[in-house]
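An overview of the molecular structure
Single-letter residue listing:
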Amino acid sequence: MRLLNIFLVGILFTGSAHAQFGSFLKDLKSAAEGIVQNQRPETVPVPAPAQSQNTKQETFVPGPPSKENTPPVASSSSPTKATPKGPPEKSPLIAFQCKINGKELIYRNNLDSDDPNISVRMESVNAKPLLMDYDWRSEAKDPLYVSEETGNRALLTTVYFKVKQTTYSISLCEGMMCGNVNQPYSFAVFNGDKKISSDLCDEDTASEFNFPIKSDKNGKLLTQQKSVLMIKKSSLKFNPFD
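Summary of the structure given here. (Residues numbered from 1 in each chain as written. Predicted model: local features only at pLDDT ≥ 70, side-chain atom pairs only at ≥ 80, totals over all residues. Heavy atoms only, no water.)

1. Remarks on unusual backbone geometry
- With a phi angle near 55 degrees, Asn-101 is a residue other than glycine that sits in the positive phi range.
- With respect to the helices and strands, the residue Asn-101 is situated in the loop between strand E1 (94-100) and strand E2 (103-110).
- For Asn-101, a relative accessible area of 60% puts it in the exposed group.
- Located in the positive-phi region is Asn-152, a residue other than glycine, with phi close to 55 degrees. (Helix = DSSP H or I, 4+ residues; strand = E, 2+ residues; numbered from the N terminus. Buried < 20%, exposed > 50% of the residue type's maximum accessible area, 1.4 Å probe, protein only.)

2. Thoughts on the state of the cysteines
- Counted under the stated rule, the structure contains two disulfides.
- Note on cysteine connectivity: Cys-98 is disulfide-linked to Cys-201, with sulfurs 2.1 Å apart. The sign of the -55 degrees torsion about the S-S bond sets the Cys-98-Cys-201 disulfide as left-handed. Here Cys-98 is found in strand E1, whereas its partner Cys-201 is found in the loop between strand E9 (194-200) and strand E10 (213-215), with 103 residues between them in sequence.
- With relative accessibility at 2%, the residue Cys-98 sits in the buried group.
- Sulfur-sulfur distance for the disulfide between Cys-173 and Cys-178 comes to 2.0 Å. Residues Cys-173 and Cys-178 are joined through a disulfide that is left-handed, its torsion about the S-S bond being -75 degrees. (Disulfide = S-S within 2.5 Å.)

3. Re the pairing of strand E8 (residues 185-191)
- Counting buried positions along E8 gives six out of seven residues, so the element sits mostly inside the fold.
- Relative to E8, strand E7 (residues 166-175) is paired through seven bridges, and the arrangement is antiparallel. Bridge pairing links Thr-167 to Phe-190 in E8.
- Pairing analysis gives six bridges linking E8 to E9, with the strands arranged antiparallel. Residue Asn-191 lies in a different strand from E9, and its bridge partner there is Lys-194.
- Following E8, the chain reverses through two residues before pairing antiparallel with E9; Gly-192 in that reversal takes a positive phi of roughly 70 degrees. (Pairing = 2+ DSSP bridges.)

4. Describing the packing of aromatic side chains
- Counted by the stated rule, this structure contains 11 aromatic pairs.
- Between the aromatic rings of Phe-209 and Phe-211, the centroid separation amounts to 5.2 Å while the plane-to-plane angle is 80 degrees, which identifies the pairing as edge-to-face.
- Of the residues examined, Phe-211 reaches a relative accessible area of 5% and is grouped as buried.
- Through pairs of rings, three or more aromatic residues link up here, namely Phe-96, Tyr-107, Tyr-185, Phe-209 and Phe-211. (Phe/Tyr/Trp six-rings, centres within 6.5 Å; stacked < 30°, edge-to-face > 60°.)

5. With respect to the nonpolar core
- Among the nonpolar cores identified, the biggest contains 29 residues, and Phe-96, Leu-105, Tyr-107, Leu-144, Ile-170, Phe-187 and Phe-211 are the most heavily contacted of them.
- Within the residue set of this core, elements represented by two or more residues are E1, E2, strand E3 (117-123), strand E4 (133-137), strand E5 (144-151), strand E6 (154-163), E7 and E8.
- Counting residues per element, this core draws most heavily on E1, at four residues.
- Apart from residues lying up to four places away in sequence, Leu-144 is in contact with Tyr-107, Ile-118, Trp-136, Ser-138, Val-159, Tyr-160, Phe-161, Phe-211, Val-228, Leu-229 and Met-230.
- Formed by 10 residues, the second largest nonpolar core is a distinct cluster that contains Ala-154, Tyr-160, Phe-190 and Leu-236. (Core = buried A, V, L, I, M, F, W, Y, C linked by side-chain atoms within 4.5 Å. Contact = heavy atoms within 4.5 Å.)

6. Details of the pattern of salt bridges
- By the definition in use, this model includes two salt bridges.
- Residue Asp-115 pairs with Arg-137 through a salt bridge whose shortest N-O separation is 2.8 Å. Taken together, the residues Asp-115 in the loop between E2 and E3 and Arg-137 in strand E4 connect sequence positions 22 residues apart.
- The exposure class assigned to Arg-137 is partly exposed, which follows from its relative accessible area of 36%. (Salt bridge = Lys/Arg side-chain N within 4 Å of Asp/Glu carboxyl O.)

The following block contains the structure:
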């Protein structure tokens, strides 16, 4: 009986020791796992593998431009200057107008006023004897004059006026010997009997003669307002080709 008690006490002691040792191992395992987790490095994203050098990359090729966005192509035959707009429209107030080297020359009818006249404005047409701008108007004692010359396959009609010794003239040449048909008008300046300048009106800038003159059934010139325009032949050579 005593031996049996000793055996039972041994078994109980041995089981208790095993239980405590198992608990100790469990606690040690938990502590070790905590240490491992605290020392584990952060996860670093792994870069994607580089493409093989043999992989063919697509190249962007732009398509043809749309019609709306296509810029105009300059043609070698296209003119570089602006297209002329054509001669000025006819107006009863304009006796004549054109541009000479881009500068305006205007004869204006003021025939319905109480003091009828024809005014002339020249925008620096010539450096001499004109100033920067020049305005002139006809008077009863100093009107404009009309001269007509025929011959050498040309008809030259000239309206001119005088300021002291200086004569200013605008001429219309009609006929085979008048040069460029698109430039029939010429403006000339005389000092006494000497022509000091002569210029053709720029193309597509001249209006038609609209002075108060007309031709009778025989072709003879007649003036409609002698106070501002008189018919008077001149000895000056108005023809721009003389």
